[in-house]
Amino acid sequence: MIRHLVFLRYKPEIPQDTRQKLMEALSALQEEIGGILAFEHRPNVSPEDAVVHNFRDMFWFDFKDAETRDSYLANSKHKAIGKQLVEATEGGIKGVFVCDIEL
């Protein structure tokens, strides 16, 4: 299983309802891409401000395997949502941090 973790540093002016709609759009990919086992999103509540670098929002997908993850990465809806996320984060792509781990 692959856990795909994504940390976001939103621009301060991005309202909470916009952030929520982006998470709902990501969650909907579970219905489109077989092999997605779970989707979650949460705020980063770490008190370690010096090392959090303002990455205060995060989400993750659990994928059955690397092939499922790769299908997600190639999916046109995922790419469109990803573009919106990059536009909503400070510094564009620098406002997004991705980490994949095997469980």
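Everything numeric here is computed off the predicted structure, so don't read it as measured data.

Student: Looking at this structure, I do not really get the overall build of the chain. What am I missing?
Tutor: Secondary structure summary: the chain contains four helices and four strands in total. For the chain, the sequential pattern of α-helices and β-strands runs β-α-β-α-β-α-α-β. Each of the three principal axes of the chain carries a C-alpha extent, and together these read 35 × 25 × 20 Å. Within the chain, buried positions represent 38% of all 103 residues. Intrachain contacts of the chain at a sequence separation of at least 6 include 72% that bridge at least 24 residues.

Student: Can you help me understand the packing of aromatic side chains in this one?
Tutor: Remark: the centre distance and the inter-plane angle together describe each pair of aromatic rings, the angle taken between the planes. Per the counting criterion, the structure on display carries seven aromatic pairs. Seen in terms of ring centroids, Phe39 and Phe59 are 5.9 Å apart; in terms of plane orientation they differ by 40 degrees. Their pairing is tilted. Placement of the pair is Phe39 in strand β2 (residues 36-43) and Phe59 in strand β3 (residues 57-63), with a sequence separation of 20 residues. For Phe59, a relative accessible area of 2% translates into the label buried.

Student: Got a minute to help me understand the sheet that holds strand β4 (residues 96-102) in this structure?
Tutor: Across a sheet, paired strands are connected by hydrogen bonds in the backbone, their directions being either parallel or antiparallel. If you trace the four strands from one edge of the open sheet to the other, you get β2-β3-β1-β4, paired in antiparallel fashion. Edge positions in the open sheet fall to β2 and β4, since each of these has one partner strand only. Direction aside, neighbouring strands of the sheet carry axes that sit 15 degrees apart on average. Strand direction decides the pairing type here: strand β1 (residues 2-8) and β3, joined by seven bridges, are antiparallel. Within β3, the position partnered with Leu5 by the bridge is Trp60.

Student: Got a minute to help me understand helix α1 (residues 16-32) in this structure?
Tutor: Structurally, the α-helix is built with 3.6 residues per turn, so residues lying three or four positions apart point the same way. Across its 17 residues, α1 extends 25 Å between first and last C-alpha, which sits within 8% of the 24 Å expected from 1.5 Å per residue. Along α1, the residues that are buried comprise Arg19, Leu22, Met23, Leu26 and Leu29. When α1 is viewed along its axis, its buried side chains cluster within an angular range of 95 degrees and face the same direction. Away from the buried face of α1 by more than 90 degrees, exposed residues Gln16, Lys21 and Glu31 are located.

Student: Looking at this model, I keep getting lost on the layout of surface pockets. Mind explaining?
Tutor: One water molecule sets the probe size; rolling that probe over the atoms shows where empty space is left. In this structure, the largest pocket occupies an estimated 210 Å³ of space. If you go around the largest pocket, you meet 13 residues; those closest to its centre are Val6, His78, Gly82, Val96 and Val98. With four residues, the top contributor of residues to the lining of the largest pocket is helix α4 (residues 76-88). Of the residues that constitute the lining of the largest pocket, the class distribution is 10 nonpolar, three polar and no charged.

Student: Please clarify how the side chain of His4 should be interpreted in this entry.
Tutor: With respect to the helices and strands, the residue His4 is situated in strand β1. Among the polar contacts made by the side chain of His4, one reaches the side chain of Asp100 at a distance of 2.5 Å. Contacts of His4, omitting those with residues within four sequence positions, involve Phe59, Trp60, Phe61, Phe63, Tyr72, Leu73, Val98, Cys99 and Asp100.

Student: Sorry if this is basic, but what is going on with the packing of helix α3 (residues 66-74) against α4 here?
Tutor: Between two packed helices, the angle of one axis relative to the other and the distance separating the axes together describe the packing. The N-to-C vectors of α3 and α4 enclose an angle of 60 degrees; their axes lie 5 Å apart at closest approach. When α3 is examined against α4, the residues Tyr72, Leu73 and Ala74 are found in contact with a partner set consisting of Ser76, His78 and Lys79. Its residues assigned to classes, the contact of α3 with α4 shows three nonpolar, two polar and one charged.

Reading the values: rules and limits
- Residues numbered from 1 in each chain as written.
- Predicted model: local features only at pLDDT ≥ 70, side-chain atom pairs only at ≥ 80, totals over all residues.
- Heavy atoms only, no water.
- Helix = DSSP H or I, 4+ residues; strand = E, 2+ residues; numbered from the N terminus.
- Buried < 20%, exposed > 50% of the residue type's maximum accessible area, 1.4 Å probe, protein only.
- Contact = heavy atoms within 4.5 Å.
- Phe/Tyr/Trp six-rings, centres within 6.5 Å; stacked < 30°, edge-to-face > 60°.
- Pairing = 2+ DSSP bridges.
- Axes fitted to C-alpha atoms, helices over the stretch in contact; angles between N-to-C directions.
- Expected span 1.5 Å × (residues − 1).
- Arc of directions from axis to C-beta.
- 1 Å grid on protein atoms, 1.4 Å probe; cavity = no way out; pocket = protein on both sides within 12 Å on 5 of 7 lines; lining within 4 Å.
- Points joined across faces, edges and corners; volume = space filled by probe spheres on them.
- Nonpolar A, V, L, I, M, F, W, Y, C, P; charged D, E, K, R; others polar.
- Polar contact = N/O pair within 3.5 Å; in protein donor to acceptor, adjacent residues only side chain to side chain.

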